[in-house]
Amino acid sequence: MNNLTADQTKPQYHPQVFDPHDMTDAKQISLPDYPAESEGPKSSERWEKETKFLVEKMLTELNLAPGQWVLDYGCGAGRIAKALCEKKLFVIGVELTENMRKYAIEYVNDPQRFICVSPEMFAELVNTGLRVDAACSVWCVHHCPDPDQVYRAIRGGMKFNAKFFNVNNRKTRVIPTMGTEFRWIEDEINIWRIADAYFGLCNTIIFPPDLDPKERFIIRTYMRTIVPEAKD
Ligand SMILES: C[S@@+](CC[C@H](N)C(=O)[O-])C[C@H]1O[C@@H](n2cnc3c(N)ncnc32)[C@H](O)[C@@H]1O
């Protein structure tokens, strides 16, 4: 981030906010209350309704069929991964923090279909040939200080022509920072323009108003195709 410097009094990227201490915390970090406080659904309502909405869209947009491998990048406590495993898909979750990986494995509770790895291990698996049939990333990239690097990692792990389902804020990034106090910093870096450098855009989907009354969110689906900037 431009406004992050080595000066400790200035805000520094603070990924520790994604490190849960129990399952309740893991779920709350994965899907907090709607950001506009009382004007939107609470975490538990989002967990139930939004998960169903997203997974239904994902199944059709990504043409998912039982037995395929799906990447869930920034899987959190495994909310989406669990629903995909119930549809008889295999899921590889990638997750930043060790504790969140532990709770994801516990929550999904399907060792036959779900594995959860660090970004570093995912990169190693891709280096040795892993390519998934489809990918998703829900509420992750807009929390990342280097979206370029995340999109490159996702693209690298997808088969050619595989599709990618991405959910973020419409306009802003929201980065966790610690300076003199903890703060989420919103900035205007255009995540979607960065995504366009790695994938071909297929569709844009708007959330229903009961899940997103302030029209803050958006879903885009992409394809891993030939994109000049991606430099394969
Ligand atoms: C808001 S949560 C969303 C969790 C899940 N996708 C869901 O929708 O329920 C964002 C998750 O992304 C993870 N994350 C953030 N940056 C990441 C990165 N660079 N690589 C992998 N995971 C990351 C966080 O640890 C956190 O669990």
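Just above sits the structure.
Residues numbered from 1 in each chain as written. Predicted model: local features only at pLDDT ≥ 70, side-chain atom pairs only at ≥ 80, totals over all residues.

## A word on the pairing of strand β4 (residues 114–117)
Here is step 1 of the chain: With burial as the criterion, only one face of β4 is covered, namely that bearing Phe114 and Cys116; the residues Ile115 and Val117 on the opposite face remain uncovered.
Here is step 2 of the chain: For strand β3 (residues 90–94) and β4, the ladder comprises 4 bridges, and the chain directions are parallel. Considered in β4, the bridge of Ile92 is made with Ile115. (Buried ≥ 20, exposed ≤ 12 C-beta atoms within 10 Å, placed from the backbone. Helix = DSSP H or I, 4+ residues; strand = E, 2+ residues; numbered from the N terminus. Pairing = 2+ DSSP bridges.)

## Focus: helix α2 (residues 43–61)
Here is step 1 of the chain: The end-to-end C-alpha distance of α2, which contains 19 residues, comes to 25 Å, matching closely the 27 Å that a straight helix rising 1.5 Å per residue would cover.
Here is step 2 of the chain: For α2, the principal kink sits at Glu50 and spans about 25°.
Here is step 3 of the chain: Within the sequence span of α2, burial applies to Arg46, Glu50, Leu54, Met58 and Glu61.
Here is step 4 of the chain: Buried-residue contacts for α2 involve α3 (79–86), β5 (132–138), β6 (158–169), β9 (200–205) and β10 (217–223).
Here is step 5 of the chain: Asn63 sits one or two positions beyond α2 and adopts a positive phi of about 50°. (Expected span 1.5 Å × (residues − 1). Bend = angle between axes of the 7 residues up to and from the residue. Contact = placed C-beta atoms within 7 Å.)

## Brief notes about the site of the ligand
Here is step 1 of the chain: Taken together, 20 residues lie near the ligand, and Phe18, Ser30, Gly74, Gly76 and Leu96 sit nearest.
Here is step 2 of the chain: Tallied by class, the residues present in the shell around the ligand amount to 13 nonpolar, 5 polar and 2 charged. (Near = placed C-beta within 6 Å. Nonpolar A, V, L, I, M, F, W, Y, C, P; charged D, E, K, R; others polar.)

## A short note on the sheet that holds strand β1 (residues 12–13)
Here is step 1 of the chain: Spatially, 3 strands are ordered β1-β7-β8 in an open sheet, and the strand pairing comes out antiparallel. Two strands bound the open sheet, and with one partner strand each, they are β1 and β8 (182–187).
Here is step 2 of the chain: When β1 meets strand β7 (residues 173–178), the two strands line up antiparallel, connected through 2 bridges. Bridge pairing in β7 links Tyr13 to Thr177.

## Focus on the pairing of β10
Here is step 1 of the chain: Inspection of the sheet shows β6 paired to β10 by 7 bridges, in the antiparallel sense. For Asn166, the partnering residue across the bridge sits in β10 and is Arg220.
Here is step 2 of the chain: Bridge count between β9 and β10: 5 bridges; the pairing is antiparallel. Across the sheet, residue Thr204 finds its bridge partner in β10, namely Arg220.

## Section: the packing of α2 against α3
Here is step 1 of the chain: Between α2 and α3, the shortest axis-to-axis distance is 10 Å and the interhelical angle comes to 55°. Of the possible angle classes, the one that applies to α2 and α3 is oblique. α2 and α3 meet at a crossing whose hand is right-handed. Only Arg79, Ile80, Ala83 and Leu84 of α3 make contact with α2, whose side of the interface consists of Trp47, Thr51, Leu54 and Val55.
Here is step 2 of the chain: Of the residues contributing to the contact of α2 with α3, the split by class is 6 nonpolar, 1 polar and 1 charged. (Axes fitted to C-alpha atoms, helices over the stretch in contact; angles between N-to-C directions. Parallel < 35°, antiparallel > 145°, perpendicular 65-115°, else oblique. Left-handed = near helix turned anticlockwise from the far one by under 90°.)

## Focus: the sheet that holds β9
Here is step 1 of the chain: In space, the 7 strands of this open sheet follow the order β4-β3-β2-β5-β6-β10-β9, with mixed pairing throughout. The open sheet has two free edges, formed respectively by β4 and β9, since each of these has just one partner strand. Shown here is a sheet whose adjacent strand axes are inclined to one another by a mean of 20°, direction ignored.

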